[in-house]
Amino acid sequence: MILSGGGTGGHIYPAVAVAEALKRRLGDEVELLFVGAEGKMEMEKVPALGYRIVGLPIAGLQRRLDWHNLLVPFKVLHSIRMARRVIRDFGADAVVGFGGYASAPVLWAAQRMGVPTVIQEQNSYAGVTNKILARGARRICTAYEGMERFFPADRIVLTGNPLRGRFSKQGADRGEALKYYGLTADLPTILVVGGSLGTRSLNEMMKQWILDTGGKAPVQVIWQTGKYYEREMQAFLAAHPAEHVWQGAFIDRMDYAYAAADLVVSRSGAGTVSELCLVARPVLFVPSPNVAEDHQTKNARALEAKGAAVVVPDAECRTKAMPLAIELLGQRERLAAMSRNLELLARPRAAEDIVDEILKVMK
């Protein structure tokens with residue numbers, strides 16, 4: 001089987017989660033090959049996890065005027081020819097696409113060669129690649145209801161987003177988690193997380209809140225800054241000490257972070273949304289406005305409509321998000337309702353369910 005998708009972790013890691021589920025299910029009976037785009041992060045991340053990957057010279061259009069856009073049609077044609085050769089030489093019995101332009105040539109070629117294809121769409125607003133390729137797909141696995149506006153209704157299966165690792169409402173022991181971060185059980189805890197690279201808006205939000213409170217507040221915070229901002233935020237905290245704040249570039253024990261948190265303040269990428277549903281932690285979303293089709297806002301609003309989240313626009317988060325988060329901590333019944341509503345949306349068997357659909361289309 002070929003698995004294809006890339007450009008961002010949001011496309012790569014769902015593919016890896018399905019690969020792991022295929023190996024668990026089929027063992028040595030399955031041979032896997034990833035297909036990505038040359039120069040993109042999947043070409044480094046996938047081999048590091050022990051999987052073979054082939055890179056295609058595919059490139060996306062730049063949204064600004066750029067002479068490189070003139071080369072895109074030639075790269076697309078070359079990538080389709082390469083994809084046909086890869087499918088033929090590998091002897092693919094199925095091709096699974098996870099979005100991003102890296103998956104377009106290989107799914108396009110597979111559909112025209114009569115090889116069954118499956119698409120997995122992570123977001124509540126379908127990406128352009130998946131919308132185009134869905135016409136020839138045997139199955140479209142989605143994470144949200146109401147995707148009939150993008151895809152043929154008779155081929156949609158609601159599976160949820162496949163995740164790596166084990167997330168659950170029970171999770172880690174809260175006492176151990178608080179001790180791990182040097183925190184106390186006497187104060188409520190907010191987890192502020194902006195992804196591995198970091199998020200300028202959430203970091204500026206934290207700086208403003210610390211300045212406004214003078215570093216003294218009736219809550220404690222686990223603040224993940226991202227590696228791009230680590231030195232800057234460490235320098236800020238050195239100049240403006242804050243009580244009960246753990247700050248780090250990365251969070252290597254997300255199970256502990258979720259277990260310690262009474263409320264999460266976060267972006268709303270598909271993987272994060274799915275994790276929060278599984279751990280059922282109340283969340284205040286600050287969607288990134290800098291993503292294709294503004295899908296993070298649509299993800300967040302979809303949960304808000306079900307009473308499972310609160311949303312603050314990115315442009316307003318610096319002054320509004322932390323005061324609102326502290327206000328929410330005082331509304332225990334509302335937090336409990338959010339947790340219940342999140343749990344209703346959880347899909348803990350997403351990877352296994354997608355494997356079921358792949359095997360069905362191969363019969």
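So, how was this worked out
- Residues numbered from 1 in each chain as written.
- Predicted model: local features only at pLDDT ≥ 70, side-chain atom pairs only at ≥ 80, totals over all residues.
- Heavy atoms only, no water.
- Helix = DSSP H or I, 4+ residues; strand = E, 2+ residues; numbered from the N terminus.
- Rg over C-alpha atoms; globule rule 2.2 N^0.38 Å.
- Buried < 20%, exposed > 50% of the residue type's maximum accessible area, 1.4 Å probe, protein only.
- Contact = heavy atoms within 4.5 Å.
- Areas by Shrake-Rupley, 256 points an atom, 1.4 Å probe, with all protein chains shown as cover.
- Lys, Arg positive; Asp, Glu negative; His and termini not counted.
- Charge placed at Lys NZ, Arg CZ, Asp CG, Glu CD.
- Expected span 1.5 Å × (residues − 1).
- 1 Å grid on protein atoms, 1.4 Å probe; cavity = no way out; pocket = protein on both sides within 12 Å on 5 of 7 lines; lining within 4 Å.
- Points joined across faces, edges and corners; volume = space filled by probe spheres on them.
- Nonpolar A, V, L, I, M, F, W, Y, C, P; charged D, E, K, R; others polar.
- Polar contact = N/O pair within 3.5 Å; in protein donor to acceptor, adjacent residues only side chain to side chain.
- Pairing = 2+ DSSP bridges.
- Axes fitted to C-alpha atoms, helices over the stretch in contact; angles between N-to-C directions.

**Notes on the overall build of the chain**
And then number 1: Helix and strand counts for the chain come out as 14 helices and 13 strands.
And then number 2: Computed over the C-alpha atoms, the radius of gyration of the chain is 21 Å, within 12% of the 21 Å expected from 2.2 N^0.38 for a compact globule of 363 residues.
And then number 3: Projected onto its principal axes, the C-alpha coordinates of the chain cover approximately 65 × 45 × 35 Å.
And then number 4: Per-residue burial over the chain gives 52% buried out of 363 residues.
And then number 5: Considering only residue pairs separated by 6 or more positions, the chain has 64% of its internal contacts joining residues 24 or more positions apart.
And then number 6: For the chain, the exposed area adds up to about 16700 Å²; of that, 51% sits on carbon and sulfur atoms.
And then number 7: Where the 45 positive side-chain charges of the chain centre and where its 38 negative ones centre are 5 Å apart.

**Focus: helix α1 (residues 9-26)**
And then number 1: With 18 residues, α1 extends 25 Å from end C-alpha to end C-alpha; this agrees with the ideal 26 Å at 1.5 Å per step.
And then number 2: Taken together, the buried positions of α1 are His11, Ile12, Pro14, Ala15, Val16, Ala17, Val18, Ala19, Ala21 and Leu22.
And then number 3: Looking at the buried positions of α1, the neighbouring elements they touch are β1 (2-4), β2 (33-37), α2 (42-48), β5 (117-121) and α14 (350-362).
And then number 4: Phi for glycine 27, located one or two positions after α1, is positive at around 60°.

**Quick look at empty space enclosed by the protein**
With a probe scaled to a water molecule rolled over the atoms, the places where space remains empty come into view.
And then number 1: By the definition in use, this model includes one cavity of 30 Å³ or more.
And then number 2: Its boundaries defined by the atoms lining it, the largest cavity holds a volume of some 30 Å³.
And then number 3: What lines the largest cavity is Gly5, Ile12, Ala15, Phe34, Val35, Glu42, Val46 and Ile53.
And then number 4: Among the elements of the structure, α1, β2 and α2 are those that each provide at least two residues to the lining of the largest cavity.
And then number 5: Its residues assigned to classes, the lining of the largest cavity comprises six nonpolar, one polar and one charged.

**Here's the deal with the side chain of asparagine 123**
And then number 1: You can see asparagine 123 is positioned in the loop between β5 and α5 (128-133).
And then number 2: A polar atom in the side chain of asparagine 123 sits 2.8 Å from the side chain of asparagine 299.
And then number 3: Those residues in contact with asparagine 123 that sit more than four places away from it in its chain are Tyr144, Met147, Ala270, His295 and Asn299.

**Quick notes on the sheet that holds strand β12 (residues 283-285)**
And then number 1: Read from one edge to the other, the open sheet built from six strands follows the order β10-β9-β8-β11-β12-β13, with strand pairing classed as parallel. With partners counted over all chains shown, the strands left at the sheet margins are β10 (245-248) and β13 (310-311), one partner each.
And then number 2: Of the pairings in the sheet, the one linking strand β8 (residues 189-193) to strand β9 (residues 220-224) comprises five bridges and is parallel in character. When the sheet's bridge partners are listed, isoleucine 190 is paired in β9 with valine 221.
And then number 3: The strands that helix α7 (residues 200-213) touches are β8, β9 and β11 (263-266); relative to β9, the one it contacts most, it runs at about 150°.

**Quick word on the environment of leucine 335**
And then number 1: Along the chain, leucine 335 turns up in helix α13 (residues 332-345).
And then number 2: Residues leucine 335 and alanine 19, 316 residues apart in the sequence, show an inter-C-alpha distance of 35 Å.
And then number 3: When near neighbours in sequence (up to four residues on either side) are disregarded, leucine 335 contacts Asp262, Leu263, Pro282, Leu328 and Leu329.

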